[in-house]
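Structure assessment
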Amino acid sequence: MADINSRSSQLAAFDRLLTIMDELREQCPWDRKQTIESLRHLTIEETFELSDAILENDLEEIKKELGDILLHIVFYAKIGAEKKAFDMGDVINSLCEKLIRRHPHIYGDTKVKDEEAVKQNWEKIKLQEKGNISVLGGVPKSLPALIKAMRIQEKARGVGFDWEEKNQVWEKVEEEMKEFKEEFDVVKDAIDKEKATAEFGDLLFSLINYARFIEINPEEALERTNLKFIKRFQYLENAAKSAGRKIGEMTLAEMDVYWEETKKL
């Protein structure tokens, strides 16, 4: 277990990082060349790397990935200062002010009874701050579709637009499943791909809604299944290789024998 630094040590470490950023921006050809736009895709990559470390529950790797993201934040602030738009102090102070505004139950007279009330207050205050016409205006357009669906539903819930009971949500899932299945009824001569795609989207949206309602993160659940599949498939590949077989030349029944073995491990 690492020793936790004192507040003064943490502040000194942050000051050291700002100094290094200044030096790199002045002296390193690569760092001098970077812009807000050129850093964007790198920041996205670092965020996914942090996500991987979290899913693996690797605290040492989480520490490293947090450092990489912090570097990007400091980098953006440095470029902002050069453009005379904002600096690191502005970024931090703006964040502090936002946290105070959005926690009136801590820094004001607002009374809340539970976590859900806190979330609803947050969304209402955010809506007022941004001046959005729509509650959903704050959902980033570039979010992956699954995460976007979850955020849309959370935003709607934040202003009270949600189901009351989980059985109501599940009934919606079954309704959407029935409508999707009807589009693939074998007695039909041709499948309407456009309509089937729309029905499948409705089904996914309702499943995500149910997962959210019972407090399962659908993104995390799907990623765990992805990782489980990768692990089992790689076992299948290795087992086939050890037996002197090429996986591409095996029958599905032969591969299924190894696949069932992986489930018992």
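Everything in this summary refers to the structure shown in the same document. (Residues numbered from 1 in each chain as written. Predicted model: local features only at pLDDT ≥ 70, side-chain atom pairs only at ≥ 80, totals over all residues. Heavy atoms only, no water.)

1. What to know about the overall build of the protein
Of regular secondary structure, the protein possesses 12 helices and 0 strands. Element order for the protein, N to C, with α for helix and β for strand: α-α-α-α-α-α-α-α-α-α-α-α. Compactness check: the protein gives a C-alpha radius of gyration of 25 Å against a globular reference of 18 Å for 265 residues, more than 25% above the reference. The dimensions of the protein, computed from C-alpha atoms along their principal axes, are 65 × 55 × 40 Å. (Helix = DSSP H or I, 4+ residues; strand = E, 2+ residues; numbered from the N terminus. Rg over C-alpha atoms; globule rule 2.2 N^0.38 Å.)

2. Focus: the pattern of salt bridges
Charged atoms that come close allow side chains of opposite charge to pair. Tallied over the full model, the rule gives 14 salt bridges. Notably, a salt bridge pairs E183 with K195, separated by 3.7 Å at the nearest N-O pair. Remark: K195 occurs in helix α10 (residues 193-213) and E183 occurs in the loop between α9 (166-182) and α10; sequence separation between them is 12 residues. Accessibility expressed as a relative area gives 7% for E183, which makes it buried. Residue classification places K195 among the partly exposed residues on the basis of a relative accessible area of 43%. Each of E116, R157, D162 and R212 takes part in one network of salt bridges that share partners. (Salt bridge = Lys/Arg side-chain N within 4 Å of Asp/Glu carboxyl O. Buried < 20%, exposed > 50% of the residue type's maximum accessible area, 1.4 Å probe, protein only.)

3. Considering the nonpolar core
One finds L17, M21, L39, V74, F75, Y76, A77, I79 and M88 forming the largest nonpolar core, which totals 9 residues. Examining the composition of this core, we find that 5 residues originate from one element, helix α4 (residues 59-82), more than from any other. Counting 7 residues, the second largest nonpolar core, distinct from the first, contains A240, M250, M255 and W259. (Core = buried A, V, L, I, M, F, W, Y, C linked by side-chain atoms within 4.5 Å.)

4. Regarding helix α7 (residues 115-130)
Over its 16 residues, α7 extends 23 Å from the first C-alpha to the last, a length consistent with the 22 Å expected when each residue adds 1.5 Å. When α7 is considered as a whole, its buried residues turn out to be E116, A117, N121, E123, I125 and K126. Turning to α7, the residues buried within the fold contact α5 (88-101), α6 (104-107) and α8 (145-158). For α7, the side-chain oxygen to backbone nitrogen distance between the N-cap and E116 is 3.3 Å, and the N-cap itself is D114. Immediately beyond the C-terminal end of α7, within one or two residues, lies G131, with a positive phi of roughly 65°. (Expected span 1.5 Å × (residues − 1). Contact = heavy atoms within 4.5 Å. Polar contact = N/O pair within 3.5 Å; in protein donor to acceptor, adjacent residues only side chain to side chain.)

5. Overview of a nonpolar patch on the surface
On the surface, a nonpolar cluster with roughly 340 Å² of combined accessible area is contributed by L70, I73, F86, V91 and I92. Those elements giving two or more residues to the nonpolar patch turn out to be α4 and α5. (Patch = residues over 30% accessible without salt bridge, like charges linked within 9 Å, V, L, I, M, F, W, Y side chains within 5 Å. Areas by Shrake-Rupley, 256 points an atom, 1.4 Å probe, with all protein chains shown as cover.)

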